[in-house]
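# Chain and residue survey
Okay, here's what each chain looks like letter by letter:
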Protein chains: 2
Amino acid sequence: MNLEYFLDKEKGKQVVLVQGLGFVGSVMSLVVANALKGDYAVIGVDQDTDAGRKTVDLLNSGTFPIVADDPKIKEYFDAACKRGNFFATVDPVAYTAADIIIVDINLDVRKTSDDAYALTDYSVNLNPFIAAMKTIGNHCKPDALVLVETTVPPGTCRNIVAPTIKAALEERGLPVDQIRIGHSYERVMPGPDYVDSIQNYYRVYSGIDEASADAVEAFLKTIIRVDEYPLTRLGNTNATEMAKVLENSYRAMNIAFAVEWSRMAEEAGVDLYEIVHAIRHRPTHKNLMLPGIGVGGYCLTKDPLLASWARTNLIGGKERLAQSEKAVSINDQMPRYAYEFLEKRYSKPLEDVKILLLGVSYRGDVGDTRFSPVEFFCRCLLHAKAAISTHDPYVPVWSELDIRPHQQLSEALRDQPDIAVISAGHRIYGKEETIDALLECKPMWIYDTIGLLSIKQINKLQQKHKVIILGRGDL
Amino acid sequence: MNLEYFLDKEKGKQVVLVQGLGFVGSVMSLVVANALKGDYAVIGVDQDTDAGRKTVDLLNSGTFPIVADDPKIKEYFDAACKRGNFFATVDPVAYTAADIIIVDINLDVRKTSDDAYALTDYSVNLNPFIAAMKTIGNHCKPDALVLVETTVPPGTCRNIVAPTIKAALEERGLPVDQIRIGHSYERVMPGPDYVDSIQNYYRVYSGIDEASADAVEAFLKTIIRVDEYPLTRLGNTNATEMAKVLENSYRAMNIAFAVEWSRMAEEAGVDLYEIVHAIRHRPTHKNLMLPGIGVGGYCLTKDPLLASWARTNLIGGKERLAQSEKAVSINDQMPRYAYEFLEKRYSKPLEDVKILLLGVSYRGDVGDTRFSPVEFFCRCLLHAKAAISTHDPYVPVWSELDIRPHQQLSEALRDQPDIAVISAGHRIYGKEETIDALLECKPMWIYDTIGLLSIKQINKLQQKHKVIILGRGDL
């Protein structure tokens, strides 16, 4: 099948194009192809690179490119394949057919840090994003709706997206006053609720003008269960762009807060996890975060910086967001601190010590290793020449370090590690069979970096092993 | 009635002494006198000063010394008076009779700030607290339970309370191994749920040893509805002391976070209140705070500093809590910024401009002016020689500035202010009759410093008045 054939077959339907087929765009395509109301023809467009062409080929041959725990992914993908209303391509001609273009591409921050992982500087390179907007402007219908879902620096729709697309339209001799541009950020959460994190979740949206906001609203109502999760319209695109980065900065900042207090807890001989759980009884304090090995993923590690950068570069503010920048810097240093915590307590140098990392992804029960703190923790151990092995049932290949983690715990433990580090919150590590398996090993150190073990489990393990816990005084 | 007579009359009952009859101790006395289980003889002890003697006299003559919105205060006080199981005194002899001593005295931080209200330094003077502990040790039974509710620097029970009391017992030739010392911080909230904030709320507790923790637990179970609000025991007194200051630091920090973003919102021409309300739909972001005129009250303004001070002075840490200190400094500057926001926008110098402050207390619907940000805001206006008038139905006398606020809004508006500032969140200011009353005034400026007005109300007021809102771009 080619694009022309697809469009001919789907004639009469509204065409929705999703730009970018990564963690967000690929699942967004499925949700639109399985819209709650109406019937769209959906075209997923990825970059004309090796990786992009591979993704497109996989999709068109009936294989979804992301492994995920959510059964709805398969269900929605199979339904779209059966219905035939989804097609993937790298051909920019696709834009000419689109009534709605959803922007789900990346916008990266480049950080520079010192040897201690403390942030020293960072930069935002808008050029790839601007190029993508030019591609849209060079091909799109003059009355298309462009819906930006990418997390962008506040001010982007107004100062970058609109002028870039309008300039391209003008160059093509087309009217510039019919294009509609809106912003509505996703809150996609890879994992067991992957699809629901789009379809069954609150949305905030806006447009560069009233007509744009209305068009975004009309579209979102067809794909999101708005009766249960009502939409919120904000006054302008600056507001929604800011809301997104504020959300993630709030999380990042609350983690940085917990980090500082966990250092004090260690000094005071108390268990910060116990304190946080006690305080969370209060509804006003439910969002209090836990400390741990670090912050990972694509969002919390960079969004506060996007915001701060935008303040002086797009908004016209004179100051950066000092607290949010500081939060990123503190969080970036967590893996190093987690390493030093172990190094200080372990009686011998770590060279040749057999260390098993239990979990390498940045979140529990998800196989997502982007900016995983375990990577930085592991780099510290490798630098100390420790003998590393890994276990992660969600990560068959840890591409960042080119390691293939053990998939079975029994296999991982067969090698009798000197230290087992609980480094990701996969539920399996808290199960009694895991505790029992650990108790069958020769005496070793168990290092819980995320407060996963219960007091009861700690007591049990201490009968044979030495247990240390980040964010706690000595046991 | 005197103490001797009271004790004789109440013979056979457990005697609970409450040390300190301020915002916490006075209501704590009522809760204990009206215990859910058991029947206590309660003695409230205040300092032998003019203020202390006045409080004691009021209480013993049947007048509760604090005006509060909570009908339970009167109900509980009347019941205790009728039952006759409460007596107030300044006589330290009272300690000799106490089985349980509850410490509800203040422990203050002295701040120094620059002209912009930014924190430059601070100190914690433990001497008055130590003196109070000495008073206990000099008179108490050797097997009393001392329950500290005061917010103290973490490490205080272990490093100050226990050694001070034990040294005093030793000097009296008494055994030192029978005294029990515990810590369980209150979460008292003056206002309509004053009593419930003790009796119907979660409690965290600990003891310097197992017997102490058990004794605290047994006592708390008789005064708190633990079936609905279960108690949480933490591992040691450092942990509960830290939990309290962490709770308040968390709030202070989240406000400081909102402050920084509200500056960016003003620059970006967006409404931060709108953004915060949109984000709060997410359960993970419910605790996101609002910006405003400032942070007041006795706790959030100092507790982060108590914690930070303790880290280097009592816990043995090498660093302060930099983020928490920074949060206090940012929050302290909010009133000055709120003043500058007005000054920049108002076309003329503020000298002789008639400015009406609507609300002077630091919280909505409560008459508590301790460290109210409105005080600092007002000082800025007075410095600019503005002509200030005030309205606050909860504050008959604003003692910090020696001002008697108008009690009736109609009276306050009769003088036709040039600027009306919504400076406290009393519900009355959001009522339609207030909006109507404002619309009857001659054209003026209305300055909402706390995002109290709805969009609809703003639109209505703008028909006649100029409205400006802190944390929003220009309207």
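Residues numbered from 1 in each chain as written. Chains lettered and ligands numbered in written order. Predicted model: local features only at pLDDT ≥ 70, side-chain atom pairs only at ≥ 80, totals over all residues.

This part covers the pairing of strand β2 (residues 40-45) of chain B. All names here are of chain B. Buried residues dominate β2, accounting for 6 of its 6 residues. Judged by which residues are buried, β2 turns out to be covered on both faces: Tyr40, Val42 and Gly44 on one side and Ala41, Ile43 and Val45 on the other are all buried. Handedness of the crossover joining strand β1 (residues 14-19) and β2 through helix α2 (residues 25-33) is recorded here as right-handed. Taken together, the 4 bridges between β2 and strand β3 (residues 86-89) define a ladder with parallel strand orientation. Note on β3: the bridge partner recorded for Val45 is Thr89. (Buried ≥ 20, exposed ≤ 12 C-beta atoms within 10 Å, placed from the backbone. Helix = DSSP H or I, 4+ residues; strand = E, 2+ residues; numbered from the N terminus. Right-handed = clockwise from strand over helix to strand, strands pointing away. Pairing = 2+ DSSP bridges.)

Let's shift gears to the packing of helix α9 (residues 237-268) of chain A against helix α12 (residues 322-332) of chain A. Residues and elements named next belong to chain A. Where α9 meets α12, the closest approach of the two axes is 8 Å, and the angle between their N-to-C directions is 55 degrees. The orientation of α9 relative to α12 falls into the category oblique. Seen along the crossing, α9 lies across α12 with a hand that is left-handed. Residues Ser249, Ala252, Met253, Ile255, Ala256 and Val259 of α9 form the contact with α12, whose own contacting residues are Gln323, Ser324, Ala327, Val328, Ile330 and Asn331. (Axes fitted to C-alpha atoms, helices over the stretch in contact; angles between N-to-C directions. Parallel < 35°, antiparallel > 145°, perpendicular 65-115°, else oblique. Left-handed = near helix turned anticlockwise from the far one by under 90°. Contact = placed C-beta atoms within 7 Å.)

Another point: the interface of chain B and chain A. At the interface, 44 residues of chain B touch 44 residues of chain A. No other element matches the 16 residues that helix α9 (residues 237-268) of chain B contributes to the side of chain B that touches chain A. Of the residues assigned to the side of chain B that touches chain A, the class counts are 23 nonpolar, 13 polar and 8 charged. (Nonpolar A, V, L, I, M, F, W, Y, C, P; charged D, E, K, R; others polar.)

For the rest of this paragraph, the subject is helix α12 (residues 322-332) of chain B. Along α12(B), 8 of the 11 residues are buried, which leaves the element largely enclosed by surrounding structure. Inspection of α12(B) places Gln323(B), Ser324(B), Ala327(B), Val328(B), Ser329(B), Ile330(B), Asn331(B) and Asp332(B) among the buried residues, and these make up the whole buried set. Contacts from the buried residues of α12(B) go to α9 of chain A together with β5 (109-113), β6 (119-124), α9, α11 (303-313) and α13 (334-345) of chain B.

Residues and elements named next belong to chain B. Judged by pairing direction, the sheet is parallel, and its 5 strands sit side by side in the order β12-β11-β13-β14-β15 without closing on themselves. Of all strands in the sheet, those with a lone pairing partner are β12 (387-391) and β15 (466-469), marking the two edges. Strand-to-strand, the axes of this sheet are offset by a mean angle of 20 degrees, without reference to chain direction. Relative to strand β13 (residues 419-422), strand β11 (residues 354-358) runs parallel, the two being bridged by 4 bridges. Note that in β13 the partner of Leu356 across the bridge is Ala420.

Next up on the list: helix α11 (residues 303-313) of chain A. Among the 11 residues in α11(A), 9 count as buried, and that is most of the element. Residues of α11(A) that are buried: Asp303(A), Pro304(A), Leu305(A), Leu306(A), Ala307(A), Ser308(A), Trp309(A), Ala310(A) and Arg311(A). Elements that come into contact with the buried residues of α11(A) comprise β5 (109-113), β6 (119-124), α9 and α12 of chain A together with α9 of chain B.

What follows covers the relation of the copies chain B and chain A. Screw-axis analysis of chain B against chain A gives a translation of 0.0 Å along the axis, an RMSD of 0.0 Å, and a rotation angle of 180 degrees. On this basis, the relationship between the two copies can be described by a two-fold rotation axis. The C-alpha atom lying nearest the rotation axis in chain B is that of Asn287(B); the distance is 3.1 Å. The overlap is high: 100% of the interface residues of chain B also sit at the interface in chain A, so the same surface is used on both sides. (Least-squares fit on C-alpha atoms with pLDDT ≥ 70 in both.)

So, about the domain arrangement of chain A. Residues and elements named next belong to chain A. Along its sequence, chain A is carved into domain 1 (3-235) and domain 2 (334-469). On a C-alpha basis, the centres of domain 1 and domain 2 stand 38 Å from each other. Counting residues at the interface gives 7 residues for domain 1 and 6 residues for domain 2. Within the side of domain 1 that touches domain 2, the residues separate by chemical class into 5 nonpolar, 1 polar and 1 charged. (Domains from an automatic or database assignment.)

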